[in-house]
Amino acid sequence: MVSPARRREATDQLQQGFEVSERRACRVVRQPRSTQRYHPRDSDMNELLVKRMHELVRCHPRFGYRRIWALLRNEGFEVNRKRVWRLWKREGFKVPQKQRKKRRLGCSANGIVRHRPRHKDHVWAWDFIHDRDGRNRPLKWFTLIDEHTRKCLALEVERGMTAAGVIDVLAQVMLIRGVPRYIRSDNGPEFIAAVMRRYLQTAGARTLYIEPGAPWENGYAESFHGRLRDELLNAEDFADLREAKVLGAAWRNDYNHRRPHSSLGYQTPATFAAQCGAAAVTVSVGGSAPKPPASKPPRKAPGEERPDDGYVGQTLITTGT
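It should be emphasised that the depicted structure is a prediction, and the values quoted were computed from it without experimental measurement.

A closer look at the overall build of the protein chain
No. 1: Of regular secondary structure, the protein chain possesses 11 helices and five strands.
No. 2: Looking at the protein chain as a whole, 40% of its 321 residues are labelled buried.
No. 3: If you take every contact in the protein chain between residues at least 6 apart in sequence, the share linking residues at least 24 apart comes to 65%.

See below:
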């Protein structure tokens, strides 16, 4: 035992185990009583330093503590290398030996401003939102909405969901509604997985991956998540996964058929969808994966614009609540 901290722990163990006084325990381990009673406190400088270290580590994940220390010195922090090392170990920073390459498939042209939904089943949007049940166990909610009608097509919750689970839910929805022209999403691993892209290509649906780190480009899904979080997830304390499934199904039915939507002129999504003509490609029941349409779309006449052509505009739109 060399350090005062270890001697302090030994003194505490002697006091508790043998029920002796602090004076006698300190005499046995040769620990000054003033040192035993001293409680180190982190200064405000340490808090600021650790906060900045977290920011630098996020920006430079391949930098070690020496290079982080050099960056801190260049920014004006009067700190030595040993102090940075102690904070580095305390926060659990480390340079990973293996690193995975990032797949960035999105771009700003796929956002809601430049590629807007023009009719029913033109653009679907999907995403995940996370929550916890009453025993602090994870709940992963999968949402799928029609951007034009704002109708919630699927609301599923599981402890965890992979690309295969998303495909199962998507296949059921496509068997009922048909295949959309586009599906908009972020660059989540479930959505950019190779099996997911192969499935969508086989089904005949195109993908709209938004720019990484720009959730506002998937604004319809984010707006729906805001309503879901405010009206269901923050209002209910789910006892278990089964209760979350039951309450989620009830809330989805109420959202589609009874809740007025401001961006639809305070109509319900189901009422508004009933007024829209069907524009999706139907699929045959019985297949494991939807098949692309057999017939080619008719050629457009000169000067005619198809309803599913990409639209590039400069006017911002409102997702509504």
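Regarding the packing of helix α5 (residues 65-74) against helix α6 (residues 81-91)
Describing two packed helices takes the angle between their axes plus the distance from one axis to the other.
No. 1: Direction vectors running N to C along α5 and α6 enclose 120°, while the axes themselves pass 9 Å from each other. The angle between α5 and α6 places the two elements in the oblique class. Note on packing geometry: the crossing formed by α5 with α6 is right-handed. Here Tyr65, Arg66, Ile68, Trp69 and Leu72 of α5 come into contact with α6, specifically with Arg81, Val84, Trp85 and Trp88.

With respect to the environment of Phe128
No. 1: Note that Phe128 resides in strand β1 (residues 123-132).
No. 2: Since its relative accessible area comes to 11%, Phe128 is described here as buried.

Quick word on the side chain of Asn256
No. 1: Summarising the element assignment, Asn256 is placed in helix α10 (residues 241-257).
No. 2: Ignoring sequence-local partners within four residues, the contact set of Asn256 consists of Lys151, Cys152, Thr268, Pro269 and Ala270.

A closer look at the nonpolar core
No. 1: Trp126, Phe142, Leu144, Leu170, Met174 and Leu200 are the most contacted members of the largest nonpolar core, which totals 27 residues.
No. 2: At the level of elements, β1, β2 (138-146), β3 (152-158), α7 (163-177) and α8 (194-203) are the ones that each hand at least two residues to this core.
No. 3: Of the residues forming this core, the biggest block, eight residues, is contributed by α7.
No. 4: In this structure, Tyr220, Ala221, Leu232 and Ala244 belong to the second largest nonpolar core, which totals 20 residues.

Side note on the packing of aromatic side chains
No. 1: Counting across every chain of the model gives 11 aromatic pairs.
No. 2: Look at Trp88 and Phe93: their rings are 5.3 Å apart centre to centre, the planes differ by 65°, and that puts the pair in the edge-to-face class. For the pair formed by Trp88 and Phe93, the shared burial category is buried.
No. 3: Measuring from centroid to centroid gives 5.0 Å for Trp126 and Phe191, while their planes differ by 15°, and the two rings are stacked. Residue Trp126 is found in strand β1, and its partner Phe191 is found in the loop between β4 (182-185) and α8; the two are separated by 65 residues along the sequence.

Structural notes on α5
No. 1: Along α5, the residues that are buried comprise Tyr65, Ile68 and Leu72. Viewed along the axis of α5, the buried residues span an arc of 60°, placing them on a single side of the element. For α5, the exposed residues lying more than 90 degrees away from the buried face are Arg66, Arg67 and Asn74.
No. 2: Immediately downstream of α5, the backbone of Gly76 shows phi near 105°, a positive value.

What to know about the sheet that holds β4
No. 1: Spatially, the five strands line up as an open sheet ordered β3-β2-β1-β4-β5, and their pairing is mixed. Two strands close off the open sheet at either side, each with one partner strand: β3 and β5 (206-209). Taken over all neighbouring pairs, the strand axes of this sheet differ in orientation by 20° on average, direction set aside.
No. 2: Two elements, β1 and β2, share nine bridges in a ladder whose sense is antiparallel. Within β2, the position partnered with Asp127 by the bridge is Thr143.
No. 3: Strands in contact with α7 are β1, β2, β3 and β4; relative to β1, the strand with the most contacts, it is inclined by about 140°.
No. 4: Contacting β1, β2 and β3, helix α9 (residues 219-233) crosses the sheet at an angle of about 35° to β1.

Quick notes on the pairing of β5
No. 1: Bridging between β4 and β5 involves four bridges; their strand directions are parallel. Residue Tyr182 lies in a different strand from β5, and its bridge partner there is Arg206.

As for the side chain of Asp121
No. 1: Among the secondary structure elements, Asp121 is positioned in the loop between α6 and β1.
No. 2: Asp121 sits in the buried class, given a relative accessible area of 3%.
No. 3: In this structure the side chain of Asp121 is engaged in a polar contact, spanning 3.0 Å, whose partner is the side chain of Trp124.
No. 4: A polar contact of 2.9 Å, which involves the side chain of Asp121, links it to the side chain of Arg177.

Some remarks on α9
Side chains of residues three or four places apart in an α-helix project in the same direction, reflecting 3.6 residues per turn.
No. 1: With 15 residues, α9 ought to run about 21 Å at 1.5 Å a step, and its terminal C-alpha atoms sit 19 Å apart, in line with that.
No. 2: What α9 keeps buried is the set Gly219, Tyr220, Ala221, Ser223, Phe224, His225, Leu228, Leu232 and Leu233.
No. 3: At its buried positions, α9 is contacted by β1, β2, β3 and α10.

Let's talk about the environment of Glu236
No. 1: The residue Glu236 is located in the loop between α9 and α10 in this model.
No. 2: Judged by its relative accessible area of 36%, Glu236 is partly exposed.
No. 3: Along the sequence, Glu236 and Gly134 sit 102 residues apart, while their C-alpha atoms lie 9.5 Å from each other.

Definitions and limits used
- Residues numbered from 1 in each chain as written.
- Predicted model: local features only at pLDDT ≥ 70, side-chain atom pairs only at ≥ 80, totals over all residues.
- Heavy atoms only, no water.
- Helix = DSSP H or I, 4+ residues; strand = E, 2+ residues; numbered from the N terminus.
- Buried < 20%, exposed > 50% of the residue type's maximum accessible area, 1.4 Å probe, protein only.
- Contact = heavy atoms within 4.5 Å.
- Axes fitted to C-alpha atoms, helices over the stretch in contact; angles between N-to-C directions.
- Parallel < 35°, antiparallel > 145°, perpendicular 65-115°, else oblique.
- Left-handed = near helix turned anticlockwise from the far one by under 90°.
- Core = buried A, V, L, I, M, F, W, Y, C linked by side-chain atoms within 4.5 Å.
- Phe/Tyr/Trp six-rings, centres within 6.5 Å; stacked < 30°, edge-to-face > 60°.
- Arc of directions from axis to C-beta.
- Pairing = 2+ DSSP bridges.
- Polar contact = N/O pair within 3.5 Å; in protein donor to acceptor, adjacent residues only side chain to side chain.
- Expected span 1.5 Å × (residues − 1).

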